[in-house]
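Understanding the architecture of this molecule
Okay, here's what each chain looks like letter by letter:
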Amino acid sequence: MSGDQRYLDTLDMDKPESFEEEVFLPVKFSMKKKSLLIGAILVFSLIILLMVFGQKKILPDMTGWSKEQIEVWAKKNHKNTELVAKYNSDTPNGYFISQNFKTGDKITSKELLIVNISNGADPDEVVKVPDLRQISVDEIKDWITKNQLVNTSVRYESHGSIPKDQLIDYEFVDGSENKFLRKNRLNIYISSGENTGNAVVTLPDFVGKSKTDAINWAEKNGVTLTFTPVFNESSTRNTILKQSVPKDSKMKITDVLEIEISRGKEIIVPNFYDFSRQEASELSALIGLKVFFKYAISDSEDETVFNQSTVSGQSVDETEIVTLYIDKKSTDLHLPDFTGLTEQEAKALAQLLNIKILIKNGTSGSDGKVISQSQPIDTKISESTIVTLEVDPESIMLMVPNFIKMNRLDAEVLAKNLGLTPIYNEISTTSSPHNTIVGQSLKASEKVTKGSTIRLDVVVNSEVVVPDLSKFTKTEAEVWAQTNHVTLKFVEMYHAKFNRGTLFNPSKKNRLLLKDEPVIVYYSLGLLSVPDFVGKSKQEVLSWIDDVNQKGASVTTKFTLDYHSTKPRGSITSQSNYNENIALNKEISFHVSAVENQGVQVPDFTGLGVNNLISWCQQNGIVYNLTEQYNDTYVKDTLFGQNFFNAYLSKDSILSAIKSLGKVYVPSFVDKTKDDVLIWLNDINLKGGDIKVEFTEEVSAEFSGTILNQSLIEVFVNQKTLIQFTISK
């Protein structure tokens, strides 16, 4: 180049306007000064290089660290860190596997640290299926756990012939015995035997209903009840006031349900001694007491009450009868003929004639016939005479038939005709037809007394056989489900093989359904359509990725920072695919604006998990503050309410949000104190629980202030719920 031409003049490019205005003036230095100046510049540059590149960080041992812990460390100590997700069956999902440097190494800020994070076990890995019929149930469970088969389930069903803990059957919902992937679904059915002790029932709300309603329900479900009657003037007799297990809770059928019922109005029995019959009748009518007059032979002419069956001052209800004994002048009594009468008829006649009898071979409520009496007919007897009546033992016995394999209606007719009282234990299974008897509490050919109760195990199922729904359209499947009263659930999944709208992999096919058993079928969404995210936030991309991956898209993302964009920080500036269908398991690349001076746009975190907000704040360098409140709408650990939304937030601002604690859990306070309840209540209501309590005192042997009972116990309740406590007085 010529001596008059500058280097920039040789470049074939447009020069900035400012360049044309620059003037270069030569400056002369002596050689000594020039050498000193160059040396100073070199020393200064070396210091700067040491400050920038010479600072090294010692790499810690990250074994056992979660992804969140690694991100926090990298944010603070080494921003040049890249997290890579890899399938690993030995390390839990979201935890450290390995890194490209050794623990204890010193690395500079310019060196890239690659940390491998576990993405859990590979769902597409082939798993060898053992011969399930040749191994025990414990070995089956160990195989499931060892291979992390999250979609394989073990289900217990009652079975009349296969012993407990033995395999009944198994079915591959997808995959096969020869090619079974970890993500495939397999249902394994194990016998729970004939013992129904582990069967559970859901409790209805009995409060306000009658005792008969509870008894009918208990007989139907094979549950034992105990009743505690209490006086309650505002409720009619036999109305249920409380139940020991709250409504909608589950209990084993072998447990006992305790029910408190009303005795109605409380009546205090007066002292009737020396009252005439007329006086006693008037007083009893006035207070609503039922009385029965019984005469006793004596020489008295007064005919006044000399004894009563219930002592004065005792409480009775309006249905109980108090017997009043009245003196009556002696008359002759002759013994009637009791033979041929049933035991119940003999007792009724004896009570009417005021004759004392002793029953031999009898049972309570028996229909056995009297075959002899200790004194002859027309024998003159006194009030103190005891007459022994002998009942034919064979007349009160019956032989239990074999109800197995009978229809429920036929079994009930036969049982009642024989004098047995049947109750039913419903067993949900498809091993036998609906309403078939598969078990009985009394053995066939066993001799029992008439009136005995027998429990019959009866099969219940839907009587509906599921067709192959993969050959149906969605509308046809919905019509079939509605017609047959079956709950049908669709699971949307992206799939490369099935076109959008195709049904595939139904949970049941050509099989009988249990009662109220739902059917699950997959609905293909076809290939994945990628929307245009340019101008939107990175968080919106992540939310979309999370949504489509939950539906089987299996796409991954790669984000690259764009430092030259004019778009707001954190927004998407470009993407590798958009407005097109792509194959599954593909990576989509996005460029994200890294401009600092415009702040970052805050997305809406409502309904998302706490980790979404924490991750977003860490990625964008935003300080956050979380408060906790109970909430009926949002499940535990999801967010609702934030101080910034769709606004651009600078780094010196704080993003505040509310984390839901879900519904309020009510623990048991029985045997604890009222103060314990109030301390718990204060803590709950400080966090928005808005729970209300009422205390009712009751005389008890417990210390004063001890909780005896509570209306809700060990359940989750809504805000503003009222809980009633009974405390010792």
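Residues numbered from 1 in each chain as written. Predicted model: local features only at pLDDT ≥ 70, side-chain atom pairs only at ≥ 80, totals over all residues. Heavy atoms only, no water.

**Let's talk about the overall build of the protein chain**
Helix and strand counts for the protein chain stand at 13 helices and 47 strands. Classification of the 729 residues of the protein chain by burial places 35% in the buried group. Across the protein chain, the fraction of contacts at a sequence separation of at least 24, relative to all contacts at a separation of at least 6, is 69%. When the accessible surface of the protein chain is split by element, carbon and sulfur atoms take 51% of a total near 42,800 Å². (Helix = DSSP H or I, 4+ residues; strand = E, 2+ residues; numbered from the N terminus. Buried < 20%, exposed > 50% of the residue type's maximum accessible area, 1.4 Å probe, protein only. Contact = heavy atoms within 4.5 Å. Areas by Shrake-Rupley, 256 points an atom, 1.4 Å probe, with all protein chains shown as cover.)

**Comments concerning the sheet that holds strand β42 (residues 654-660)**
A sheet is described by the order of its strands in space; here 3 strands give the open sequence β39-β42-β40, paired in mixed fashion. Each having just a single partner strand, β39 (623-629) and β40 (639-642) make up the two edges of the open sheet. Across the sheet, the axes of successive neighbouring strands diverge by a mean angle of 30°, strand direction being ignored. Across 2 bridges, the pairing between β40 and β42 is antiparallel. (Pairing = 2+ DSSP bridges. Axes fitted to C-alpha atoms, helices over the stretch in contact; angles between N-to-C directions.)

**Some thoughts on the packing of aromatic side chains**
Taken as a whole and assessed by the stated rule, the structure comprises 17 aromatic pairs. Measuring from ring centre to ring centre gives 6.0 Å for Y170 and F172, while their planes differ by 90°; the resulting arrangement is edge-to-face. Here Y170 falls in the buried class, since its relative accessible area comes to 17%. Residue F172 is classed as partly exposed on the basis of its relative accessible area, which comes to 23%. On the basis of an interplanar angle of 65° and a centroid distance of 5.7 Å, the ring pair of F605 and W616 is categorised as edge-to-face. Within this pair, whereas F605 is found in the loop between β38 (600-601) and α12 (610-620), its partner W616 is found in helix α12, the two being separated by 11 residues in sequence. Both residues of the pair, F605 and W616, count as buried. By the ring-pair criterion, three or more aromatic residues cluster together here, those being W143, Y170, F172 and F180. (Phe/Tyr/Trp six-rings, centres within 6.5 Å; stacked < 30°, edge-to-face > 60°.)

**Overview of the nonpolar core**
What tends to happen in soluble globular proteins is that the nonpolar side chains get buried as a cluster. L469, L528 and W544 are the most contacted members of the largest nonpolar core, which has 30 residues in total. Listed by contribution, the elements that provide at least two residues to this core are β28 (453-466), α10 (474-483), β32 (519-524), β33 (528-530), α11 (538-550) and β37 (587-593). A total of 4 residues in this core trace back to one element, the largest contributor, which is α11. What L469 contacts, discounting residues up to four positions off in sequence, is A477, W480, L488, L503, P506, V519 and V521. The next biggest cluster of nonpolar side chains, apart from the first, holds 16 residues, and it includes Y630, F669, V677 and I691. (Core = buried A, V, L, I, M, F, W, Y, C linked by side-chain atoms within 4.5 Å.)

**Brief notes about the sheet that holds strand β13 (residues 256-262)**
Strand order in the open sheet formed by 3 strands is β10-β13-β11, with mixed pairing between adjacent strands. Strands at the two margins of the open sheet, each flanked by one partner only, are β10 (224-230) and β11 (240-243). Pairwise comparison of adjacent strand axes, ignoring direction, gives a mean angle of 30° for this sheet. Summarising the sheet, β11 and β13 pair through 3 bridges and their orientation is antiparallel. From the neighbouring strand, Q243 faces β13, where its bridge partner is I259. Across the sheet, helix α6 (residues 211-221) touches β10, β11 and β13, and the angle it forms with β10 is around 170°.

Everything listed is a geometric property; what it means functionally is a separate question.
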